[in-house]
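Given next are the chains, with one letter for each unit.
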Amino acid sequence: MSRIWQSSPPVDWRALGKRYFNLSLYYRHTFGGETWKISVDGGFHCPNADGTISRFGCTFCNIASFSPSRRYDQPASVAEQIRRAIDHFRKRRALDRFIAYFQPGTNTYAPLPVLKAMFSEAITVPGVVGLAIGTRPDCLPPEVLDFLAELNEKIWLSVEIGLQSAHDSTLRRINRGHTFADFCQAVWACATRNLRVCAHIMFGLPGETAEVMLGTIYALRDLPIHAVKIHNLYVARDTALAKIYAAGMYRPLERDEYAELVVAALERLSPAVVIERLTAETSDAYLIAPDWCRDKSGTLRRIQQLLEERDTYQGKLWDRMAEQTPEATRESEMG
């Protein structure tokens, strides 16, 4: 099997007039048509909240704020969740290709027989052409990775690993419960098994300057990353961050600040990396700040506007990065 990590994109997205290699284009190229992700809730917990690592979780995390399944009752069956979602999508448009995305919680944090049963059930549903599995870097033991590699031989599969920041001081500040070294180890363990990795990162984390945030982008350069999701940090109710915000000790990024950072990040990412997300979204009922999170389309328009005004694009500064070693990239080593 050919290596999925590559230095050039599988499709010439710039020739198609794109400013970055977006997910919908990648899906069309890979699966031959429009493909949608379906969020699946396997009921998984998190070692950073159940007492295994910590009982407090990440300072920003309220799963219900981004996962409707944790706000409402779900069918007992994984297959039934997928079938209901497919029926819902098909009422609005003609679709026949879907990715089952195990999203809420840490979706490799369970005994192997449980994972085998759930993931195997998901791929039996007609219309499912792939699996995306969200997890933490410290929850990918060899036996689980070996099973995912077996699945990857049968169906398209992506492992989505939460990083948020490449700086250990930030990871401690937000109570992530893992280090950047843990993330690197997990990514390379996936790569040796030819597994695609999507890295999740956040801009606007407490204590991080623009230089430090872009340092996370630099830190990804030499890792076998297939895709990236970029989120802006928002303040959700019932979180430690909400208390910090109420005390006046945290200021979320303004939309223009965030858009500027995203454009700078895109310029520095490899043109072969798939951009799966450029902004976060959450339920209005859980959002405290910033208010512009309620307008996802407006944020995406602002990012696109900046790209066009500056006639820039993903990977424009990619080749130059090898010559640059900003102080921010070494911050994680110094702690």
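This text goes with the structure placed above it.
As the structure is a prediction and not an experimental result, all values here were calculated from the model.

### So, the overall build of the protein
At step 1: A tally of helices and strands in the protein yields 12 helices and nine strands.
At step 2: Taken over 335 residues, the protein has a buried fraction of 56%.
At step 3: Nonlocal contacts in the protein, meaning residues at least 24 apart in sequence, comprise 81% of its contacts between residues at least 6 apart.
At step 4: Of the roughly 15000 Å² of accessible surface on the protein, 49% is carried by carbon and sulfur atoms.

### Concerning the side chain of Thr59
At step 1: With respect to the secondary-structure elements, Thr59 resides in the loop between strand E1 (36-40) and helix H2 (63-66).
At step 2: For Thr59, a relative accessible area of 12% translates into the label buried.
At step 3: With sequence-adjacent residues up to four places away left out, Thr59 is seen in contact with Arg173, Ile174, Asn175, Thr239, Ala240 and Leu241.

### Here's the deal with unusual backbone geometry
At step 1: Note that the residue after Ala289, namely Pro290, is joined by a cis bond; omega there is -5°.
At step 2: By the secondary structure assignment, Pro290 is in the loop between strand E9 (287-289) and helix H11 (296-309).
At step 3: Within the chain, Asn175 stands out as a residue other than glycine whose phi angle is a positive 60°.
At step 4: One non-glycine residue, Asn194, adopts positive backbone phi at about 60°.
At step 5: Mapped onto the fold, Asn194 is located in the loop between helix H7 (180-191) and strand E5 (196-203).

### Points about H11
At step 1: Over its 14 residues, H11 runs 20 Å from end to end, which matches the ideal 20 Å to within 8%, given 1.5 Å per residue.
At step 2: Residues Gly298, Thr299, Ile303, Leu306 and Leu307 constitute the buried set of H11.
At step 3: Residues of H11 that are buried in the fold lie against helix H10 (255-268).
At step 4: Asp311 sits one or two residues past H11 and shows a positive phi near 45°.

### Structural notes on the nonpolar core
At step 1: Ranked by size, the top nonpolar core spans 71 residues in total, and within it Ile82, Phe119, Leu148, Phe183 and Phe203 carry the most contacts.
At step 2: Counting residues per element, this core draws most heavily on H10, at eight residues.
At step 3: Apart from the residues within four sequence positions on either side, Phe183 is in contact with Pro137, Ile161, Gly162, Leu163, Ala199, Leu220, Leu223 and Ile225.
At step 4: In this structure, Val11, Phe21, Ile99 and Val274 belong to the second largest nonpolar core, which totals 16 residues.

### Topic: the packing of helix H3 (residues 78-90) against helix H4 (residues 112-122)
At step 1: Packing of H3 against H4 brings their axes to within 8 Å, and their N-to-C directions diverge by 30°. When the interaxial angle is binned, H3 and H4 end up roughly parallel. Remark: the crossing between H3 and H4 carries right-handed chirality. Taken together, the residues of H4 that come into contact with H3 (itself represented by Val78, Ala79 and Ile82) are Met118, Glu121 and Ala122.
At step 2: Here the residues of the contact of H3 with H4 sort into five nonpolar, no polar and one charged.

### Section: the side chain of Arg19
At step 1: One can find Arg19 in the segment before helix H1 (23-31).
At step 2: A distance of 3.2 Å separates a polar side-chain atom of Arg19 from the backbone oxygen of Thr312.

### Points about the sheet that holds strand E3 (residues 128-135)
At step 1: The strand order E1-E2-E3-E4-E5-E6-E8 describes an open sheet built from seven strands, whose pairing is parallel. For this open sheet the edge positions go to E1 and strand E8 (274-277), each flanked by a neighbour on one side alone. The mean inter-strand angle of the sheet, taken between neighbouring strand axes irrespective of direction, is 25°.

Calculation criteria
- Residues numbered from 1 in each chain as written.
- Predicted model: local features only at pLDDT ≥ 70, side-chain atom pairs only at ≥ 80, totals over all residues.
- Heavy atoms only, no water.
- Helix = DSSP H or I, 4+ residues; strand = E, 2+ residues; numbered from the N terminus.
- Buried < 20%, exposed > 50% of the residue type's maximum accessible area, 1.4 Å probe, protein only.
- Contact = heavy atoms within 4.5 Å.
- Areas by Shrake-Rupley, 256 points an atom, 1.4 Å probe, with all protein chains shown as cover.
- Expected span 1.5 Å × (residues − 1).
- Core = buried A, V, L, I, M, F, W, Y, C linked by side-chain atoms within 4.5 Å.
- Axes fitted to C-alpha atoms, helices over the stretch in contact; angles between N-to-C directions.
- Parallel < 35°, antiparallel > 145°, perpendicular 65-115°, else oblique.
- Left-handed = near helix turned anticlockwise from the far one by under 90°.
- Nonpolar A, V, L, I, M, F, W, Y, C, P; charged D, E, K, R; others polar.
- Polar contact = N/O pair within 3.5 Å; in protein donor to acceptor, adjacent residues only side chain to side chain.
- Pairing = 2+ DSSP bridges.

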